[in-house]
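Chain by chain, the residues:
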Amino acid sequence: MLRIAINAVGAKKIAGGGFQISLNFVKTALSDRHHNIDLYFFLSKDLADTLNVHESDHIFIFPTQPDFFNSWLGTQRALHKLEKDLKLDIIYSIIAPSYFSFDTQEVMRCTNAWAVQPNKYALAQLSRIQLLRNWLQYSLIRKLMRKCAYFITQTDSIAISTAKVARVPLENVCVVSNVLPAAFNEYNRIKNLDREWYDIVSVAAPFPHKDLEIIPYVLKEIRDNHNIPNIRMHVTLPSDSPITKRIEKNISAFGLTENFVNHGRVNQQQLASIYCSCRMMFMPTLLETFSASLLEAMFFDLSIVTSDLSFNSDITKDAALYFRPHDYVDAAIKIAELINNEAKASALIEKYKEILPNYCNYQKHYDSTIDFLVKVASIKK
């Protein structure tokens, strides 16, 4: 029987989508009785606590990584001992690179757009110091990627970029599209709309390339130049983030305190409740590989306004309105257009019926991943 380790020691709660993807995959894998394989789990403490699991003969819990100045070296030694003792056939690193080296064949799930496909819009948001740090960090990440021969990613375009960066044949990169987390099917989807407010949600972690700092300017533009004072933006940002603080400072300066709600970090059930209270998703992001937030918006029947970049339009096709990246004036125009034209908003939502079914089979997503791991495990290193 094949022995496969699921490596998620790098799953951090503050890492946004990567943490949720790890959470959903490990949760499914823990109950896998369908595949004839022996699964072992290397979990971060953050992930283990969220899953409420404890160490066993198949589950091993480590301090959340990377933690270079404290627990990294001890974790590296423990992982080396485990892969030797367990006689593993393959290791699947969900968060890649994991910043650890293995003697066992490793498959990386590569979804870091900074590493494989950065663009001018995202780079323009960085200061000179951030640009230098970015260059150093992703030079290291690319070097670590080149130690690996097999990858999983989410779209054809990212697969091509990954193969080029890692210097491997394209057939070594498996495309497994992101999907709507199965957990959302368990939640209530009944709308709970506030009649006095037009509520919009923008779900993203506080990173510069998410471009959330245009939100105050978008709200001000809609209020002042489109005469829509009752718009309210919901976000899910940690209160201690510098980006959050700058957003809130501008919100206050523009007199928009009542038009902005920060829910802080939320779990999937809380997020589902927020979606049910909103009418629209606003996604100003400048760099992605695949945003599951767009799938979630479609699932909860939210009209979508997002940046006009291929990683968004590849998913939402003609079922969204697109604005020029980092252009708050154009973003406000598109949002106001849907607010003032309910028929158009409804027409866009109707198109979700053609798109969403392609992204709703989590079991297929999971099975495709396992099938590729089994395939690679059969190849001699």
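As a convention, each chain's residues are numbered from 1 in the sequence order in which they are written. Local features are withheld for residues below a pLDDT of 70 in this predicted model, meaning they are given only at 70 or higher, and side-chain atom pairs are given and counted only at 80 or more; totals for whole chains, interfaces and linings count all residues. Computation of side-chain values: all heavy atoms of the structure, hydrogens and water removed.

With respect to the environment of Leu86
Labels follow the DSSP assignment, with helices taken as runs of H or I lasting at least four residues and strands as runs of E lasting at least two, numbered in each case from the N terminus. Tracing the backbone through its elements, the reader meets Leu86 in helix H3 (residues 72-86). Only protein chains enter the accessibility calculation, which uses a 1.4 Å probe. A residue is then buried if its area is under 20% of the maximum for its type, exposed if over 50%, and partly exposed in between. Exposure remark for Leu86: the relative accessible area of 11% places this residue in the buried category. A sequence separation of 46 residues divides Leu86 from Tyr40, and the C-alpha atoms of the two residues are 8.8 Å apart. For this analysis, residues touch if any pair of their heavy atoms sits within 4.5 Å. Setting aside anything within four residues of it in sequence, one finds Leu86 in contact with Arg3, Tyr40, Phe42 and Phe60.

With respect to empty space enclosed by the protein
Cavity means a closed set of points on a 1 Å grid over the protein atoms alone, one where a 1.4 Å probe fits but cannot get out, pocket means an open set with protein on both sides within 12 Å along at least 5 of 7 lines, and lining means a residue has an atom within 4 Å of a point. Grid points are joined across faces, edges and corners, and a volume is the space filled by probe spheres set on the points. If you walk through the whole model with that rule in mind, you get two cavities of 30 Å³ or more. Here the largest cavity is characterised by a volume of approximately 50 Å³. Of all the elements in the fold, those that place two or more residues in the lining of the largest cavity are helix H7 (156-166) and helix H12 (310-316). Broken down by element, the residue count for the lining of the largest cavity peaks at three residues, all from H12. Only Asp, Glu, Lys and Arg are considered charged in this grouping, and only Ala, Val, Leu, Ile, Met, Phe, Trp, Tyr, Cys and Pro are considered nonpolar; every other residue, Gly among them, is considered polar. Each residue belonging to the lining of the largest cavity can be placed in one class, and the counts come to two nonpolar, five polar and two charged. Its boundaries defined by the atoms lining it, the second largest cavity holds a volume of some 30 Å³. Every residue lining the second largest cavity is listed: Leu180, Pro181, Ala182, Asn185, Cys360 and Tyr362.

A word on helix H9 (residues 242-253)
Taking 1.5 Å as the rise per residue, H9 with 12 residues should run 16 Å; its terminal C-alpha atoms sit 16 Å apart, in good agreement. Among the residues of H9, those classed as buried are Ile243, Thr244, Ile247 and Ile251. One face of H9 carries all of its buried residues, which in axial projection span an arc of 100°. Turned more than 90 degrees from where H9 packs its buried face, Pro242, Lys245, Lys249 and Ala253 sit exposed. Those residues of H9 that are buried lie in contact with helix H8 (215-226) and strand S10 (260-262). Here a polar contact is taken to be a pair of N or O atoms separated by no more than 3.5 Å, where protein atoms must pair a possible hydrogen donor with a possible acceptor and residues adjacent in sequence count only if both atoms sit in side chains. The N-cap of H9, judged by a side-chain oxygen 3.2 Å from the amide nitrogen of Ile243 a few residues on, is Ser241. Residue Gly255 follows H9 closely and has a positive phi angle near 70°. Take the number of residues in a helix, subtract one, and multiply by 1.5 Å to get its expected span. Note that the arc is computed from the directions linking the helix axis to the C-beta atoms.

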